[in-house]
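Tertiary structure, described
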Amino acid sequence: MAQYIRSVRGMHDILPGDSARWHWLEARVRRLVASYGYREIRMPVVERTELFKRSIGEVTDIVEKEMYTFEDRNGESLTLRPEGTAGCVRAGIEHGLLHNQQQRLWYMGPMFRHERPQKGRYRQFHQIGVEVFGIAEPEVEAELIAMNARLWRELGIEDVRLEINSLGSPQSRAEYRERLVAYFRRHEADLDEDSRRRLDTNPLRILDSKHPDMQALIAGAPSLLDHLDLDSQAHFDALCAMLDEMAIPYRVNPRLVRGLDYYTRTVFEWITGSLGAQGTICAGGRYDGLVAQLGGRDTPAAGFALGIERLLALMRPAEDLAAADAPHAFLVPVGEGTLHRALALAEALRRDVPGLRLQTNLGGGSFKAQLKRADRSGAPYALLLGEDELAQGTLGFKPLRGQGAQETLALEAVAERLALLVSEEREATGLDA
Ligand code: ATP
Ligand code: MG
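Attention in this report is confined to the structure presented alongside it.

Rules and cut-offs
Residues numbered from 1 in each chain as written. Chains lettered and ligands numbered in written order. Predicted model: local features only at pLDDT ≥ 70, side-chain atom pairs only at ≥ 80, totals over all residues. Heavy atoms only, no water. Patch = residues over 30% accessible without salt bridge, like charges linked within 9 Å, V, L, I, M, F, W, Y side chains within 5 Å. Areas by Shrake-Rupley, 256 points an atom, 1.4 Å probe, with all protein chains shown as cover. Salt bridge = Lys/Arg side-chain N within 4 Å of Asp/Glu carboxyl O. Lys, Arg positive; Asp, Glu negative; His and termini not counted. Charge placed at Lys NZ, Arg CZ, Asp CG, Glu CD. Helix = DSSP H or I, 4+ residues; strand = E, 2+ residues; numbered from the N terminus. Near = heavy atom within 4 Å. Polar contact = N/O pair within 3.5 Å; in protein donor to acceptor, adjacent residues only side chain to side chain. Pairing = 2+ DSSP bridges. Contact = heavy atoms within 4.5 Å. Axes fitted to C-alpha atoms, helices over the stretch in contact; angles between N-to-C directions. Left-handed = near helix turned anticlockwise from the far one by under 90°. Core = buried A, V, L, I, M, F, W, Y, C linked by side-chain atoms within 4.5 Å. Buried < 20%, exposed > 50% of the residue type's maximum accessible area, 1.4 Å probe, protein only. Disulfide = S-S within 2.5 Å. Arc of directions from axis to C-beta.

1. Observations concerning a positive patch on the surface
Together, Lys368, Lys372, Arg373 and Arg376 line one region of the surface with positive charge. Here Lys372 lies in helix 14 (residues 367–376).

Here it is in structure tokens:
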């Protein structure tokens, strides 16, 4: 096959057989975030490169190695978004959504990072992001974390644990940084190449190194939590108390720093043991400095992003989901004059039965061939329109799954049956769409 018939490495099609699972997950998330009062925002997939450099940080894996950056035709440097927070903050400042307001926002969509593709790590992947602006208190993080815990419960995900840490204030972090640099200097010979470089530019990032040879050294490093300022300590203690009260278990991990520079105080990750090395399914924290850093008024903020591919990989494959987008009925016109009537009839049924998924046989074919198509469509019923039915204004109503005899029904009766089917399905899934 020609090279251009292959999708770009690390970027994948979501095929019709999989899209039902995506849709199902997205619908659950929509309902969840709405139940906490969050509203959706949609940002462009492309932003100015400068935005990401200023927010994520120049000395980070993302900015140094992973961004899809290109020159626009007018010479401006643009980047496919590697994450959503920067664009969300940009939009918030640009449209005046943040100043003197509380905003609870969420978004969903593709992100792009030039990483080494492997299971759970792709170059185009999808995130659901949630951001809260204008509230400095720790109950924000508590609610974000509770929302995550609720989602895992609703999705039936059990093997996942929470790690939290506090990065403190910019001042306390600067003091800690000095101690950390002194520690790593004493062990400079044991540092890997990236870490040696970062010793001068961004030493905290060394704690985030995934290099196996570095782990022992990192474990012996001074702890961030021993160097917190009083306010950050109180903030962290309050968050822990709220999590205790909500009975959400967590582990304090003093080495957790996250791969983006904009975090302050709380950071957290949800990690599973079921996905191998790509075990983090959701990560977030507080980023009180970012809005001002990007030119807005000082605005406290916190949020998280979860990886949809990793989440789907964790969910048990549900048999019934594969059929979730199959039609409810397949309309089979056979004989003189029936096709035109069938098209009009199908329009009427779709109008009268909201939510109905109805497929009409197009392109002709014998009765047998059409029934075969009906069967393959996954529809539970075939609607048969022959010359007799055409003359009588009726339809054959034929069950395709299980036993059940074929009936001849008036059009209104067919519409009623189908409406019942749709409403039963809604009840079963607990979702509207
Ligand atoms: P990792 O340590 O796995 O590289 P990260 O710290 O770079 O993750 P974030 O930028 O915090 O990840 O993104 C939040 C979530 O998005 C991650 O926890 C993960 O679930 C998902 N994610 C990040 N990068 C990828 C990727 N390349 N492919 C698939 N999912 C990803
Ligand atoms: Mg990464």
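2. Some details on the site of ligand 1
The immediate surroundings of ligand 1 are formed by 17 residues, with Arg113, Glu115, Arg121, Arg258 and Thr280 found nearest. Residue Arg113 places a side-chain N or O atom 2.7 Å away from an oxygen atom belonging to ligand 1. For ligand 1, an oxygen atom lies 3.3 Å from a polar atom in the backbone of Ile281. Considering ligand 1 on its own, with 580 Å² of exposed area, one finds that the protein chains cover 92% of that surface. Broken down by element, the shell around ligand 1 gets its largest block of residues, four residues, from strand 10 (residues 280–286).

3. Regarding the sheet that holds strand 8 (residues 251–252)
An order of 1-5-6-11-10-9-7-8 is seen for the eight strands of this open sheet, with the pairing classed as mixed. Across the chains shown, the open sheet's two edge strands, defined by having one partner strand only, are strand 1 (39–40) and strand 8. Bridge count for strand 6 (residues 124–133) against strand 11 (residues 301–307) is seven bridges, and the pairing is antiparallel. Note that in strand 11 the partner of Ile128 across the bridge is Leu306. Relative to the sheet, helix 4 (residues 85–94) contacts strand 5 (103–112) and strand 6, its axis offset from that of strand 6 by approximately 45°.

4. Description of the environment of Pro300
For Pro300, the position within the fold is in the loop between helix 10 (290–293) and strand 11. Put simply, Pro300 and Gly156 are 144 residues apart on the chain and 33 Å apart in space, counted from C-alpha to C-alpha. Setting aside chain neighbours within four positions, we find Pro300 in contact with Val132, Phe133, Gly134, Ile135, Ala136, Arg286 and Asp288.

5. Digging into the packing of helix 5 (residues 139–155) against helix 9 (residues 230–245)
Remark: helix 5 packs on helix 9, axes separated minimally by 9 Å, with the N-to-C direction vectors making an angle of 35°. In the packing of helix 5 onto helix 9, the handedness of the crossing is right-handed. The residues of helix 9 that touch helix 5, namely those facing Glu139, Glu141, Ala142 and Ile145, are His235, Leu239, Met242 and Leu243.

6. Focus on the nonpolar core
Membership of the largest hydrophobic core comes to 47 residues, with the highest contact counts inside it found for Tyr38, Trp152, Trp270, Ile281 and Leu311. Ranked by residue count, the leading element in this core is helix 5, at ten residues. Contacts of Trp152, omitting those with residues within four sequence positions, involve Ile157, Val160, Trp270, Ile281, Cys282, Leu306 and Leu311.

7. Quick notes on the state of the cysteines
Within this structure, the stated rule accounts for zero disulfides. With no disulfide of its own, Cys240 has Cys282 as its nearest cysteine by sulfur position, at a separation of 17 Å. With no disulfide of its own, Cys282 lies closest to Cys88 among cysteine sulfurs, the gap being 15 Å. Its relative accessible area of 1% is what places Cys282 among the buried residues.

8. What about helix 2 (residues 49–56)?
Those residues of helix 2 not exposed but buried are Thr49, Leu51, Phe52, Ser55 and Ile56. For helix 2, the angular spread of the buried residues around the axis is 160°, confining them to a single face. Next to the buried residues of helix 2 lie strand 2 (46–48), helix 3 (61–66), strand 3 (68–71), strand 4 (77–80), helix 4 and helix 10. Of the residues trailing helix 2, Gly57 is marked for its positive phi of about 110°.

9. Quick word on a nonpolar patch on the surface
Together, Met1, Tyr4 and Ile5 give the surface a local cluster of nonpolar side chains, amounting to about 460 Å² of exposed area. On the secondary structure map, Ile5 appears in the segment before helix 1 (16–35). Taking relative accessible area as the criterion, Ile5 reaches 48% and is therefore assigned partly exposed.

So, to be careful, I would describe these as geometric facts and stop short of saying anything about function.
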